[in-house]
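Survey of secondary and tertiary structure
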Amino acid sequence: MLFLSCARRRHAARSRTLPATAAYCPMKRTHTCNALRRDQVGQEVTLVGWVDVRRDHGGIQFIDLRDREGITQILFTNEDAELSQQADRIRPESVIEVTGTVRARGESEVNAKLPTGEIEVVARQLTIHNVAETPPFPLDDDKANKVNEDLRLQYRFLDLRRPNMYRNLRVRSKAAKAMRDYLDSQEFLEIETPSLFKSTPEGAREFLVPSRLNPGKFYALNQSPQQYKQMLMVAGVERYYQLARCFRDEDLRADRQPEFTQIDIEMSFIDREDMYATMEGLMKRIWKDVLGVDLQTPFPRMSYFEAMNRYGVDKPDTRFGLTFEDFTEAFKNSSFKVFKTIANSGDGAIKAMKVPELADLTQGEHRDLENTAKNFGAKGLAFIRIDESGEWKSPIVKFFSDEEKAALQERLDIQPGDLVLFSAAEWERACTILGRVRLECAKLLVKREKLELSASQYNFLWVIEFPLMLHDEEQGRYVAAHHPFTAPVPEDVELLDSDPKAVRGQHYDLVLNGWEIGGGSIRIHQPELQKKVFEDVLQIPKDVVQERFGYMLNAFRYGAPPHGGIAFGFDRMITLMTGATSIREVIAFPKTQKGQDLMADAPTTATPRQLRDLHIETVELDEEADAE
RNA sequence: GGGGUAGUAGCUCAGUUGGUUAGAGCGCCUGCCUGUCACGCAGGAGGCCGCGGGUUCAAGUCCCGUCUAUCCCGCCA
């Protein structure tokens, strides 16, 4: 079991060793560097590993020998001159093998910081397997965490030697194991599906792969195994899962990589409730097996509408409040024209959020909040600061009537020292603006130590009842909010023709501490309905539907079971489980924001020969051609 | 495509209003040291101040451009 405390990021950075794992006795050694205790005193042992640090005292020297399990102190004395001289040559990160005798340390010599700190190994024989050059950056976790990430990525093989990074890899491995154990126990089949799929230009940009055997034609790397897994349901597999590698050629973020891993799941003969229960069981098992944490199930649920309306985002972090109240009605007759106009504009909304104890924010902080609001389309950020005497300080409050003030006071429960922030715009935008401001306010409260956001508090939340369609202003048509295979909520099906926007989908997202870690839906399994969604609602031309999805519609004519599924972002999940700040920390060899592998130096140019075989020509685009 | 931040020794950083020979800690090298575990002590080496251009008597410092990393917006059905 791994121990992850509240402030575990800091603690983990300090601890130089991991807790002991089950003993294993590989090859050249008799023990790992985290195996020896008082019980083994007197035994002759052989250890192998990397030199963590060497402390030379002249006639005596110590070496901290490190392997992935931990650190053991090796003692060299000058009794054996040859051995002592040999040890003089040792440099940090060299790989050595030591045979010697386990000895108990004297009382004043015990190192309480090391699990092996009560003993040391007195060296009798030393083999230097590999002499290391001086590493380009310190491998000490505390220091290495600050090193430029590009350097760490270039020397990833060194970076991964650090206990922090090894721990992340191990959490990831254990989580995968727990997942397989659980899904296997529930009779799921692990099935691999192709990475080379066909191009489906709707949705995420894809990586294209030229086909040598089919000149001028291309595969696309799959964005997810969505269509294959639905075919597996038609094939009668009933329960499928896969730790699936997915590819999307979109711009990167701290939580996005061009290739990433999903826990991909699909089940037949289920409804949403079955899905929630099964997946809650999966999370429970993973958290228990890997972190020793007991999750409370069932997870709370929230509608998309409430998430937006109260938190301003479809993936609310429910570890803290700062929820919104709606004052659209209250300001319908206001003498504050900005609010009045929006309150009466049909889909306009006036939202307010009370931030306790933030009336002391600085001018700079206020400006940053305002810029955040403006970035998301706000004209400004209306506010009220309540000073210690309870007086409302604000440029707008003079426009408010007594009734309006009373409404604010009552519904926000305003106290001295509080800050109240407003957003006024079309409902969705008003919510989004305040949602972003909410997150910034939370950061300010954390900075003031008035709010604690513990990484070891796991607030899971199902967000449900998403709209099936969103109207795309640019394209002037409806687009699928999730993907076009999501089934409508049964009672909303009749609205498909009359009011597509009002149709709710049987879609669900699993949210953890403000991160979307999974999403899925009950799928459409009737060819007529699927065809209707493609052609009538999404208005994809018939020939395009046939070309792209013809085989699916065809398959659904041959006995398609009702089915549904979900996919979890495995990298994101592990990021949250380890308390890491970016998914790059839990991926062995991640890519930079420009999609480069700095260690192997990919991508590279191709040789003319390669290009010829693939029937591809590269052309220089001049600026004019580029502009077209 | 756009906005923010960063780039000075191997690493992390400081460098004032533009002004002498660019500094610190760690690391590295040499020597000393028998109980250290952030060992200690003494000495030493190490710099295209990201790159290119400009302003100036004078640029690490000011201006323009550019590259790289990172965070965010757009994008991610």
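So, how was this worked out
- Residues numbered from 1 in each chain as written.
- Chains lettered and ligands numbered in written order.
- Predicted model: local features only at pLDDT ≥ 70, side-chain atom pairs only at ≥ 80, totals over all residues.
- Heavy atoms only, no water.
- Near = heavy atom within 4 Å.
- Polar contact = N/O pair within 3.5 Å; in protein donor to acceptor, adjacent residues only side chain to side chain.
- Helix = DSSP H or I, 4+ residues; strand = E, 2+ residues; numbered from the N terminus.
- Nonpolar A, V, L, I, M, F, W, Y, C, P; charged D, E, K, R; others polar.
- Patch = residues over 30% accessible without salt bridge, like charges linked within 9 Å, V, L, I, M, F, W, Y side chains within 5 Å.
- Areas by Shrake-Rupley, 256 points an atom, 1.4 Å probe, with all protein chains shown as cover.
- Salt bridge = Lys/Arg side-chain N within 4 Å of Asp/Glu carboxyl O.
- Lys, Arg positive; Asp, Glu negative; His and termini not counted.
- Charge placed at Lys NZ, Arg CZ, Asp CG, Glu CD.
- Contact = heavy atoms within 4.5 Å.
- Core = buried A, V, L, I, M, F, W, Y, C linked by side-chain atoms within 4.5 Å.
- Buried < 20%, exposed > 50% of the residue type's maximum accessible area, 1.4 Å probe, protein only.
- Pairing = 2+ DSSP bridges.
- pLDDT = per-residue confidence, 0-100.

Neighbouring RNA strand B are 52 residues; D56, R103, E109, P136 and H482 lie closest to it. The side chain of Q73 places a nitrogen or oxygen atom 2.8 Å from a base oxygen of RNA strand B. Contact between RNA strand B and P136: a sugar or linking oxygen at 2.5 Å from a main-chain N or O atom of the residue. Looking at the surface near RNA strand B, the elements with two or more residues in it are β1 (44–56), β2 (60–67), β3 (70–77) and α4 (149–154). In the surface near RNA strand B, the residues fall into 16 nonpolar, 15 polar and 21 charged.

A few words on a positive patch on the surface. Taken together, R253, R256, K315 and R436 make up a surface patch of like positive charges. Take R253: it is sitting in the loop between β10 (239–247) and β11 (259–268).

Note that R103 resides in strand β4 (residues 95–104). For R103 and Y311, which are 208 residues apart along the polypeptide, the C-alpha to C-alpha distance reads 60 Å.

Turning our eyes to something else, we now look at the side chain of N168. If you trace the backbone, N168 turns up in helix α6 (residues 163–185). A polar side-chain atom of N168 sits 3.0 Å from the main-chain carbonyl oxygen of E585. With sequence-adjacent residues up to four places away left out, N168 is seen in contact with I574, T578, E585 and V586.

This next bit is on the nonpolar core. Counting 44 residues, the largest nonpolar core has I265, L282, M283, I286, W287, F460 and F568 as its most contacted members. Only α6, β11, α8 (272–291), β18 (460–464), β21 (507–512), β22 (515–522), β23 (563–569) and α17 (570–578) provide two or more residues apiece to this core. Element by element, the count of residues in this core is highest for α8, at nine residues. In contact with L282, other than residues within four places in its own chain, are M179, Y182, L183, I265 and F568. Core analysis: the second largest hydrophobic core is formed by 24 residues, F485, L538, V545 and A555 among them.

This brings us to the pairing of β1. Consecutive side chains along a regular strand alternate between the two faces of the sheet. Relative to β4, β1 is paired through seven bridges, and the arrangement is antiparallel. Bridge pairing in β4 links V45 to G100. Hairpin connection from β1 to β2: three residues lie between these consecutive antiparallel strands, with G58 at a positive phi of about 85°.

The subject of this paragraph is the pattern of salt bridges. Under the counting rule described, the total for this entry stands at 51 salt bridges. Residue R103 pairs with E120 through a salt bridge whose shortest N-O separation is 3.6 Å. A residue pair is termed long-range when its members are at least 10 positions apart, and R103 in strand β4 and E120 in strand β5 (residues 119–130) qualify at 17 residues. By relative accessible area, which is 40% here, R103 ends up partly exposed.

Glancing now at the confidence of the model for chain A. For chain A, the mean per-residue pLDDT works out to 91, and 94% of the residues sit at or above 70. Counting contacts from residues 623–628, a segment whose pLDDT is below 50, to residues more than four positions away or on other chains yields one contact. Of the two predicted TM-score estimates for the complex, the pTM is 0.92 and the ipTM is 0.93.

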